[in-house]
Amino acid sequence: MALDLSTLNLEQLEAVLHKDGPLLVFAGAGSGKTRVITYRIANLIHQHGISPRHILAVTFTNKAAAEMKERLQHLLGMSMRGLWVGTFHSICARILRESGRAIGIPPNFLVYDEGDQLDLIRQVLVDLNLDEKQFNPRAISNAISRAKERLITPEGYREQAYDFFERIVASVYPRYQSALQSANALDFDDLLCKTIELFEQHPLVLARYQDQFRYILVDEYQDVNYAQYVLVRLLAEAHRNLCVVGDDDQAIYSFRGAEVELILRFEQDFPDAMVVKLERNYRSTQPILDLAFKLVSQNTLRTPKRLWTDRTEGKPVTLTPVADEEEEARLIAEYIQREVARGNRRYGDFAILYRTNAQSRVFEQRFMRERIAYRIIGGVRFFDRKEIKDLIAYLRLLVNPDDTVSLLRIINVPPRRIGDQTVKTIQAYASEKGISLYRALTEPGLHARLPLQAQQAIGGFTALIENLRAYAPKASLTDTTRRVLEKSGYLTWLEQRKDAESVDRAGNLREFVNVVAKYEQTLPESEEATESPLLGFLQYLALISDLDTLDESGDHVMMMTLHSAKGLEFPVVFLVGVEQGLLPHALSETPRDIEEERRLCYVGMTRAQDELHLTYARERSYYGSRRACIPSPFLKAFKDTPMPTLYQQMYGTPPAPTPYRAPIWTPARTQSRFLPGQRVHHPDFGYGIVVRTSDALVTVMFPGGKGMHSFPLQECPLEEA
DNA sequence: TTCAGGAATATTTTT
DNA sequence: TATTCCTGAA
């Protein structure tokens, strides 16, 4: 069977057929980039007989990785076993698990996420007697992250630390590193740094991986940071079969250390590189592309290129001023309902893109009210919820009792009478003896310093952990998780406090058990035979994101940030909140930052296949207070282009005045009987106003100093007034 | 030590 | 607005 290449255009074909040597592909939005990468790999395997195990493909998300593997399997009709596809982080995690021992990293290391990082930095600040108020842990964490992205060691940082803040960071950084080490944990950046360290210190290990990865492909190369760049260079320098794909117009991650210059520099690094530009767009209509080009061509730092398409006909892009975010949501909901009712579209055809996660709330409320199916990507991730993180902390302790962050997280959750005082004593004892907190818990020397009550509480806690630890290796993942919930008393604790929030949380924990069960069921497909399933699961958890669990199959309106939308496409896109201060965001000040915000806007616009609608509000609520808004300066790029408003498109001329719609909240149409703003009556508190509702609870504000109260939906003593 | 409730405060984007 | 912080009572 021959690989069918007839559907590829000339440039795509060039990229696909290029076999050896460096290759740089500038792939504009919607230019069939994924196809090129997939076909290129398929061609290497099929045409040139390269074994999948000699190929490494780096993608931006785990989801993209899974999809690519699946497509290849489908295309070639053979198993892609041995092919490495994944994000930089997951690939590095895998390398370190295999070979990290050489630089003292045991294979059972855990990956700390941002929250864990912050917790650890706070601990270090306490150790150093630094006030958290004065030295923002987040800023310090960012500074350390920045340093690591540029492969700057604690020593290196100290040498170049000038101002006061940098000197503080210089003192925290080494301590933070040793705290990570004693917790047997790596943060996100360490995954990269340590892999590079491994390769630099052990040329033989590097040579082994170089020999394995004879062909390397890197997607989204415009969003690569220095450490990633170095890693790629190290791996590729032996065979020089490196193909990088990217688009400088879509570089939107400089806040994470990404440097667009690295893609622009590729031709200097590899003067013999073949360069292919993909400028034919298969996604959008000409009006959309024209407008997007008007915007992005204002940037100074870009390679010249312009997308073109066959789809010369298309609806005009609309630009609609709205009074505020409420009208914005109302208008869009109305348009969606209308299109769906007419049979033109399904909910899944629409996407709402915004700059900040907070903007999703108004849409969420509106859509709930109007019963429009929607999915929000990002925001508070399921795995970031307190109760879920607590449960994960228990699981982590079972794998690695030295994980201090996790230990401190749950040592008194649920409350088991191990309070602040006791914890301080434990910490003092542990650092005195140079042992981990968990080790300290088991030492008689510690107990001698504590009151009997605390001793007993600690004894109970260690017995619990030991019991669970003994159980885990013998049981399935799901059973272990259930047992943790049960034996720790966490679930009982939540269930006892009847308040509605706890009911929500208990529900989330049960949902988590389902996630575990699902993972366990699909486990056999994964090729890594992990010696400890629990460890494998935790490592999997650490690196997945919300986007990875997104399924586009359902019929929902998608709502997400512009960043999350990268790489996706939708028939109809609403780009909302195109206002000064929001897009570009107020925190982006330098010309460089502004250019990135412009690219962000460009990314959003180029997600649209058939229709693109822009909106900006004249007034908007910012953390409680209302503020007047100015349209985004980006819109000036469109001043010569007549753009109708969405109202005009819906009703024809003239522009309809803002139609006032009475909110529809008949009880029969709503899931929870209550809606924000509604007046209700309570037997004890009297009349109040519903502030908020969720799946399980309703929160009501009662006037006259009676305050806010939450009730479980099922059995709340409220009546509609 | 725990918990409730009011006060203070912080808000960009994410592997 | 929503979350965290802080205080004081049990």
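Since we're looking at a predicted model, the values are computed, not measured.

A word on the protein's contact with DNA strand B
Phase 1: Close to DNA strand B lie 26 residues, the nearest being His-89, Arg-256, Arg-355, Asn-412 and Tyr-623.
Phase 2: Sugar and phosphate atoms form 52% of the subset of DNA strand B atoms that lie within 4 Å of the protein.
Phase 3: Contact distances for DNA strand B include 3.2 Å between a base oxygen and a side-chain N or O atom of His-89.
Phase 4: Element by element, the count of residues in the surface near DNA strand B is highest for helix 19 (residues 420–433), at three residues.
Phase 5: Partitioning the surface near DNA strand B into residue classes produces seven nonpolar, 13 polar and six charged.

Observations concerning unusual backbone geometry
Phase 1: A cis amide bond, omega -5°, links Val-413 with the succeeding residue Pro-414.
Phase 2: Cis geometry marks the peptide bond from Leu-583 to Pro-584; its omega dihedral reads 10°.
Phase 3: One non-glycine residue, Glu-220, adopts positive backbone phi at about 50°.
Phase 4: By the secondary structure assignment, Glu-220 is in the loop between strand 6 (215–218) and helix 11 (226–236).

Overview of the environment of Gln-134
Phase 1: Counting through the fold element by element, Gln-134 comes out in the loop between helix 5 (114–127) and helix 6 (137–149).
Phase 2: Taking the relative accessible area as the measure of exposure, Gln-134 reaches 60% and is therefore exposed.
Phase 3: Counting along the chain gives 158 residues from Gln-134 to Ala-292, while the straight-line C-alpha distance between them is 44 Å.

Describing the sheet that holds strand 14 (residues 608–617)
Note: strands within a sheet are paired through backbone hydrogen bonds, in either parallel or antiparallel orientation.
Phase 1: Spatial ordering of the open sheet is given by 9-14-13-10-12-11, a layout of six strands whose pairing is parallel. Bordering the open sheet on either side are strand 9 (318–322) and strand 11 (374–376), each of which pairs with just one other strand. With strand direction ignored, the average angle separating the axes of adjacent strands in the sheet is 20°.
Phase 2: Here three bridges tie strand 11 to strand 12 (residues 557–561), and the two strands are oriented parallel to one another. Across the sheet, residue Ile-376 finds its bridge partner in strand 12, namely Met-559.

Basis of the calculations
- Residues numbered from 1 in each chain as written.
- Chains lettered and ligands numbered in written order.
- Predicted model: local features only at pLDDT ≥ 70, side-chain atom pairs only at ≥ 80, totals over all residues.
- Heavy atoms only, no water.
- Near = heavy atom within 4 Å.
- Polar contact = N/O pair within 3.5 Å; in protein donor to acceptor, adjacent residues only side chain to side chain.
- Helix = DSSP H or I, 4+ residues; strand = E, 2+ residues; numbered from the N terminus.
- Nonpolar A, V, L, I, M, F, W, Y, C, P; charged D, E, K, R; others polar.
- Buried < 20%, exposed > 50% of the residue type's maximum accessible area, 1.4 Å probe, protein only.
- Pairing = 2+ DSSP bridges.
- Axes fitted to C-alpha atoms, helices over the stretch in contact; angles between N-to-C directions.

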